[in-house]
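Structure assessment
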Amino acid sequence: MADNEWINGYLEAIINTGERLDGYRSDGYRSDGRMAVQPVLSAANYFVKEVTGYDDAALHRTWIKANASKYPQEKGNRMEYLCWRVWHVARQKKKLAWEDAQRMTRTHFAKQRLLTEVNEEFSEDLSEGDLKPDVPAEPAVSYGSNGSLSSMSYVENGLGGRLYIVLISLHGLVRGDNLELGRDSDTGGQVKYVVEFARALAMMPEVYRVDLLTRQICDPEVDSSYGEPTEMLSSGDYDDDDEVGESSGAYIVRIPCGPRDQYIRKELLWPHIQEFVDGALAHIVHMTKVLGEQLNSDAQKIWPYVIHGHYADAGDAASLLSGSLNVPFVMTGHSLGRNKLEQLLQQNRLSREGINNLYKIQRRLEAEEYSLDASEMVITSTKQEIVEQWGLYDGFDVTTERKLRMRISRDLDTYGRFMPRMHVITPGMDFSSVKVPDFGSDGDGESNAFIMSDMSPASPRGAPQITQEIMRFFSNPHKPMILALARPDPKKNLTTLLTAFGESKKLRELANLTLVMGNRDDIENMSSSSAAVLTQILRLVDKYDLYGHVAYPKHHKQTEVPDIYRFAATTKGVFINPALVEPFGLTLIEAAAHGLPIVATKNGGPVDIIKALKNGVLIDPHEKGDIANALLKLMMDRKFWNECRQNGLKNIHKFSWPAHCRAYLSHIAMCRMRHPEWQDDNFVDETTALEYQRDSLTDLDVNDLSLRLSMDGTRDIFSWMEKKENHPTVRKSENGGTFTNGHRNRLNQGYLETVLERGLGEDKPAETFQSKVNMFRRRKHLVVLAIDSYDNSTGKPTTKLLNLINYFLKTFRSEIAYAWRAIGFVLSTSLTGPETVEFLNSGDISAHDFDCLICASGSELFFPILPPNSSHDPTAVYLCPDPYYKEHIEYRWGGDGLKKFMTTIPKLVVEDEESDSIGALVEDVQRSNSHNFAYRTISKEMAPCVDYLRSTLRDKGYRNHVMYCQQESKLHILPLLASRSQALRYLFVRYEYDVARMFVVVGETGDTDYEELLAGTHKTIVMKGVVEGGSERLLRGPGNYTREDIVPTDSPNIVQTESDDPHTIMKAFEKVGLGMYIKK
């Protein structure tokens, strides 16, 4: 060789690492003064481990070949080539290490600057002696030796490292094996994701059981497996040797709702959500007992650690379940309605009204808004989804969320506002079935390498059946393949891809196109949208004469999908996802795992995927030229193709299921752990919620973020703060300790329980709270009277309602019913507790005849008990509040901040009716309580609809249940979880009284929460002619969804009476199964 300078680099590297040419390394001197030496690694291992820092098999093979060469010239050339490669890798390694060091340094200085600047800024506003709290550090999350989340945090919360997690995915065909992906628009990537996610979660050592709740389908047109009530996905896996019960693992639990023998598309499921919620609630309550018996020696119930809703319909159901159980709710949107609405409007194929009628888009938008109201956390796949998709909703604003988080971290008042946290957790993938074609260590190979692989019919093993099915379409199957795998849906944009392929002569000459569009037997039997897409594809194939260039197989199995990817990779093809909007793009991850470079839409999740994998090109899905150019770039530039392939394979580990589950569990561990308040051992201090809101403050730039809210006015935002011992959330106990408001309330409730059990001294009641509850629990059936019959002019209850109540009590109080104590009564009304008692007394009815009273539109729950000497006054009664209900509905209650904000809404609230100000409402102080702000309507014409008020409150971060009642004469603003329908579910969870044993009696219309009372597993009797008018006119504005999107029109659980005469009422009750209890 003319130049041997590479030897200098080799020797210099050896000297720098302490290697000696005699095969020993100096480790200094021992205590006896002699040099300590150790045998060195072999030269090959030195190159591999000391210089490159990782196990490069290709370098090792080159070294072996160099040593085995017979001729000095060849050996020298190989050694020189090897050392240049080592030098390049070592240089890259040093560069990466330097960049990591610089990044860590910048991060450290950024954190220090944040702390310094925030403290300096705040110190100017704090007066002497005021509290100057520190910015809390990131929440500490510990991991075990196997990389799994340490269960210590769960043990500290009294959960013993055995979590019960509930996932909900309502629509589509969901089963564990042989997924029918692509069969219809509802059975796609989401179904695959939730099934694999449930399995992966159950394998985590912290998780005991995972339930994936979906709809039970007994349609003869689909496989009978979808009608099985329960299906095991996995039995779970644990690191310890503890004995586990038979209920551990992951399960699909199918809840019956809607038509029992019909598989319906997701847009038609909305009226059946309430029925699904009641069925799911019954299952979860049962499982809490089963798991408690298996895991706890005292059989204490194990409540769900989190309820996770997937898509808008499941989010709506999970919100109601979360409110009923008082456990955290996590939301994943998968795809969002506002984006879909914008795309459909841009296509200009349907009007806004037509879109709403076909896709029920307004109902979906409200479900997504309600999910934002109730969720502790929203999990997204990409940052783009947070800013550009969730940012379009009233209930979320990035700036406001960060501002509120910062204010909480500085102990500043948020005035009852809340924004859910958004976390990016990329979906995982199972790599067990992935087999990547090997083109050699340098990525070079023959363009038709697949001929020699087992994918070719020429191979001894032959090609898989799906490969043969695809190859029969092509006149030249040796060309590289462009692969698209998506269902035939307009938003998947397959027609634009086919047009781009057909109009590019160079692309047609260079490659084949394969469109895998689910399974089909006959296009005429498919849905209208899918049939339209397939028909258009066939027309385009004919238009551009693409026969022999395009494959579109009719059938494939889910187990054959890896073979399709591998076939495309073996031909050195490209995978493309040209969707108009792709929420994430799981197929992109699958393609990358099989060694395929990708071309993907720039709208949605692919932006973050390609950024992480560095294995493809983004395109504008609306531009045919952009699609063709991107494909040609990858097809013609083999060096770029190989670079994308290698990058994808190198970085694909970022999307594994274990990594996804570890990130998921670490994030939900920081949620505010809410559990039913009567479960004392599972109580979590309120500071946990504060720490969750304070975490991850390093993403906030205080220079660009003003912490001031509009309600601060001109006052100093720190002036309200007191010293620590006088802080509003901290109180001193008698022994000098401190406890939070939550602790104080719990002590008060315990005292109340004691008083109600033992009496009130000389004035003790004739019966106790517990005896009343015991009687209530023994009822076989429960009749809930929720008839909103009020006078149109005064808003007061009508005499007709009083007569109906009298009739019901007398009808069902037969001697046999009393002997069995079978029938109980609940009165559900918008009247306050005292107003309800006064109203009943006006008709000589005692409130004690009712087992409980749901008052003030669901903000109050009373159990009427007899006072002493009640024989002297048959109408006298004590209204004992449920000791835990107030705290149950406290979640996200805005309090005084909400009341103050109401006065700032233009032309809404005036100080008094005599005021010169223009407004629709005036505060009704007498009818307000701690969890219900009541307003009188002084101008029904100016009164805004509930939609407008909800949107206005959401925009500022207030999460409330808003409703008009009493013939539009009153407006009630309640906590988010307070309503008359949710109060019935509270009775189920708290007192184990199944909603399915309830019979709800309503009129033809009522207050604006009337619709919520109609649907569910309970029986509903709709009485005609008893309500002359209601408040539903002010429920929704024009162009919104209708009652048919909330209440099923043909439910067997809903019975209507033709009139209000006794004979008709009796027939209605006989129809729902209460005839045997009616006094003839």
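Quick caveat: nothing in here was measured; it's all calculated off a predicted structure. (Residues numbered from 1 in each chain as written. Predicted model: local features only at pLDDT ≥ 70, side-chain atom pairs only at ≥ 80, totals over all residues. Heavy atoms only, no water.)

**Let's talk about the overall build of the protein chain**
Note the cut-off: By the criteria applied, helices consist of DSSP H or I runs no shorter than four residues and strands consist of E runs no shorter than two, each listed in order from the N terminus. Two residues qualify as a contact provided that any one of their heavy atoms is within 4.5 Å of a heavy atom in the partner residue. Under the convention used here, a 1.4 Å probe and the Shrake-Rupley method define accessible areas, while residue burial counts only the protein chains that appear.
Within the protein chain, the regular secondary structure consists of 34 helices and 31 strands. Long-range contacts, defined here as pairs at least 24 residues apart, represent 71% of the contacts in the protein chain between residues at least 6 apart. As presented, the protein chain carries roughly 46,800 Å² of accessible surface, and 49% of it is formed by carbon and sulfur atoms.

**As for the pattern of salt bridges**
Basically, it comes down to this: The rule for a salt bridge is simple: a side-chain nitrogen of Lys or Arg has to be within 4 Å of a carboxyl oxygen of Asp or Glu. Burial here depends on accessible area, computed with a 1.4 Å probe over protein chains only, as a share of the maximum for the residue type. Under 20% is buried, over 50% is exposed, and the range in between is partly exposed.
Going through the model one piece at a time under the given rule, you end up with 41 salt bridges. Residue R954 is joined to D373 by a salt bridge in which the shortest nitrogen-to-oxygen separation is 2.8 Å. Here R954 is found in helix α32 (residues 946–955), whereas its partner D373 is found in helix α11 (residues 361–374), with 581 residues between them in sequence. Per residue, the accessibility class of R954 equals that of D373, and both read buried. Of the charged contacts in the structure, one is a salt bridge between E582 and K492, with a shortest N-O distance of 3.3 Å. Residue E582 is found in the loop between β14 (574–577) and α19 (586–593), and its partner K492 is found in the loop between β11 (481–485) and α15 (494–503); the two are separated by 90 residues along the sequence.

**As for the side chain of S666**
What counts, and what does not: Counted as a polar contact is a pair of N or O atoms within 3.5 Å, where, for protein atoms, one must be capable of donating a hydrogen and the other of accepting one, and residues adjacent in sequence contribute only when both atoms are in side chains.
Along the polypeptide, S666 turns up in helix α23 (residues 657–668). Among the polar contacts made by the side chain of S666, one reaches the main-chain carbonyl oxygen of A663 at a distance of 2.7 Å.

**Looking at the sheet that holds strand β4 (residues 207–215)**
Strands belonging to one sheet form pairs held by backbone hydrogen bonds; the direction of such a pair is parallel or antiparallel. Threshold: A pair of strands is treated as paired once DSSP finds two or more bridges between them. With axes taken as lines fitted to C-alpha atoms, and helix axes fitted only over the stretch in contact, angles between N-to-C directions fall between 0 and 180 degrees.
Overall, mixed pairing links the 8 strands, which are arranged β5-β6-β4-β3-β7-β8-β9-β10 in an open sheet. The sheet is open, and its two edges are formed by β5 (230–234) and β10 (421–424), each paired on a single side. Averaged over neighbouring strand pairs, the angle between their axes works out to 25 degrees when direction is ignored. In this sheet, strand β7 (residues 306–310) lies alongside strand β3 (residues 163–168) in parallel orientation, the contact comprising 4 bridges. Pairing of I165 across the sheet is with V306, part of β7. Strands β3, β4, β5, β6 (249–255) and β7 of the sheet are contacted by helix α6 (residues 189–202), whose axis makes an angle of about 160 degrees with β4. Together, β3, β7 and β8 (329–332) form the strand contacts of helix α8 (residues 311–325), whose direction differs from that of β7 by roughly 160 degrees.

**Comments concerning α11**
Because the α-helix completes a turn every 3.6 residues, residues three or four places apart line up on one side. Spelled out, the test is: The length a helix should cover is 1.5 Å for every residue beyond the first.
Between its first and last C-alpha, α11 extends 20 Å over 14 residues, near the 20 Å set by a 1.5 Å rise per residue. The element α11 is largely enclosed, with a buried count of 14 among its 14 residues.

**Brief notes about unusual backbone geometry**
Residues other than glycine seldom take positive phi values, yet N178 does so here, at roughly 50 degrees. Relative to the helices and strands, N178 resides in the loop between β3 and α6. The class for N178 is exposed, based on a relative accessible area of 52%. Backbone geometry places N348, a non-glycine residue, at a positive phi of 60 degrees. Summarising the element assignment, N348 is placed in the loop between α9 (337–347) and α10 (352–359).

**A look at the packing of aromatic side chains**
Counted only if it meets this: Stacked, edge-to-face and tilted labels apply to pairs of Phe, Tyr and Trp rings (six-membered ring for Trp) whose centres lie within 6.5 Å, assigned for plane angles under 30 degrees, over 60, and everything in between, in that order.
The full count for this structure, using the stated rule, is 18 aromatic pairs. Considering the side-chain rings of Y565 and F575, the 5.9 Å spacing of their centres and the 55 degrees angle between planes classify their relative orientation as tilted. Note that Y565 is positioned in helix α18 (residues 561–570) and F575 in strand β14, a separation of 10 residues in sequence. For the pair Y565 and F575, a shared accessibility class is recorded, and that class is buried. Seen from their ring centres, W893 and F933 are 4.9 Å apart, and the 45 degrees between their planes marks the pair as tilted.

**Focus on the pairing of strand β30 (residues 1019–1023)**
Among the 5 residues in β30, 4 count as buried, and that is most of the element. As paired elements, strand β29 (residues 998–1003) and β30 share 5 bridges and run parallel to each other. In the strand pairing of β30, V1001 is matched with I1021. Note: β30 against strand β31 (residues 1054–1057), 4 bridges, orientation parallel. Looking across to β31, one finds that T1020 is bridged to I1054.

**Remarks on the packing of α8 against helix α33 (residues 980–991)**
We count it as follows: When an angle is under 35 degrees it counts as roughly parallel; over 145 it counts as roughly antiparallel; between 65 and 115 it counts as roughly perpendicular; any other value is oblique. Helix crossings are classified by the rotation of the near helix relative to the far one: an anticlockwise turn of less than a right angle makes the crossing left-handed, while a clockwise turn makes it right-handed.
For the pair α8 and α33, interaxial distance at closest approach is 8 Å and the crossing angle is 55 degrees. Comparing their axes, α33 and α8 come out oblique. As for the relative orientation of α8 and α33, their crossing is right-handed in sense. From α8, L320, G323, S324 and L325 reach across to α33, where they touch Q982, R985 and V989.

**What to know about the environment of L588**
Residue placement: L588 occurs in helix α19. Separated by 18 residues in sequence, L588 and P606 have C-alpha atoms that sit 7.7 Å apart.

**Section: the sheet that holds β29**
Taken in spatial order, the 8 strands line up as β23-β22-β21-β20-β19-β29-β30-β31 in an open sheet, and their pairing is mixed. Two strands in the sheet have a free side with no partner beyond their single neighbour: β23 (878–881) and β31. Direction aside, the axes of adjacent strands within the sheet are offset by 25 degrees on average. Relative to strand β20 (residues 823–828), helix α27 (residues 799–812) is tilted by about 170 degrees, and along the sheet it contacts β19 (781–785), β20, β29 and β30.

**Overview of the nonpolar core**
Heads up, the rule is: Among buried residues, those of type Ala, Val, Leu, Ile, Met, Phe, Trp, Tyr and Cys that are joined through side-chain atoms within 4.5 Å constitute a nonpolar core.
Counting 96 residues, the largest nonpolar core has I168, F276, L325, W390 and L987 as the members making the most contacts within it. It is helix α7 (residues 273–295) that contributes the most residues to this core, 10 residues altogether. If you look at the next biggest cluster of nonpolar residues, it comprises 73 residues, including M429, V434, A592 and V599.

**Here we look at the state of the cysteines**
Think of a disulfide as a covalent bridge from one cysteine sulfur atom to another cysteine sulfur atom. Filter applied, for reference: Any pair of cysteine sulfurs within 2.5 Å is marked as a disulfide.
Applying the stated criterion to the full structure yields 0 disulfides. Its sulfur unpaired, C852 is 9.1 Å from the next cysteine sulfur, which belongs to C855. Overall, the relative accessible area of 0% leaves C852 in the buried class.

**Let's talk about the pairing of β8**
Inclusion rule: Place the viewer so that the strands point away; then a crossover is right-handed whenever the path from the first strand over the helix to the second strand goes clockwise.
On β8, burial covers both faces: F329 and M331 on one face and V330 and T332 on the other are all buried. In this fold, β7 hands off to α8, which returns the chain to β8; that crossover is right-handed. Bridging between β8 and strand β9 (residues 377–380) involves 2 bridges; their strand directions are parallel. Residue M331 lies in a different strand from β9, and its bridge partner there is V378.

**Concerning the confidence of the model for the protein chain**
Test applied: How sure the predictor is of each residue is captured by pLDDT, a score from 0 to 100.
Looking at the protein chain as a whole, its pLDDT mean stands at 79, while 72% of the residues score no less than 70. In the predicted structure, residues 680–690 sits below a pLDDT of 50 and forms 22 contacts with residues beyond four places in sequence or in another chain.

**Considerations on the packing of α27 against helix α34 (residues 1062–1071)**
Running from N to C, α27 and α34 cross one another at 55 degrees; their axes reach a closest spacing of 12 Å. Classified by the interaxial angle, the pair formed by α27 and α34 is oblique. Crossing geometry of α27 relative to α34 is assigned as right-handed. Along the contact surface, α27 presents L804, Y807, F808 and F812, while α34 presents P1062, I1065, M1066 and F1069.

**Observations concerning α6**
In this model, α6 (14 residues) spans 20 Å end to end at C-alpha, consistent with the 20 Å of a helix rising 1.5 Å per residue. The element α6 is largely enclosed, with a buried count of 12 among its 14 residues. If you check which residues of α6 are buried, you get Q190, V191, K192, Y193, V194, V195, E196, F197, A198, A200, L201 and A202.

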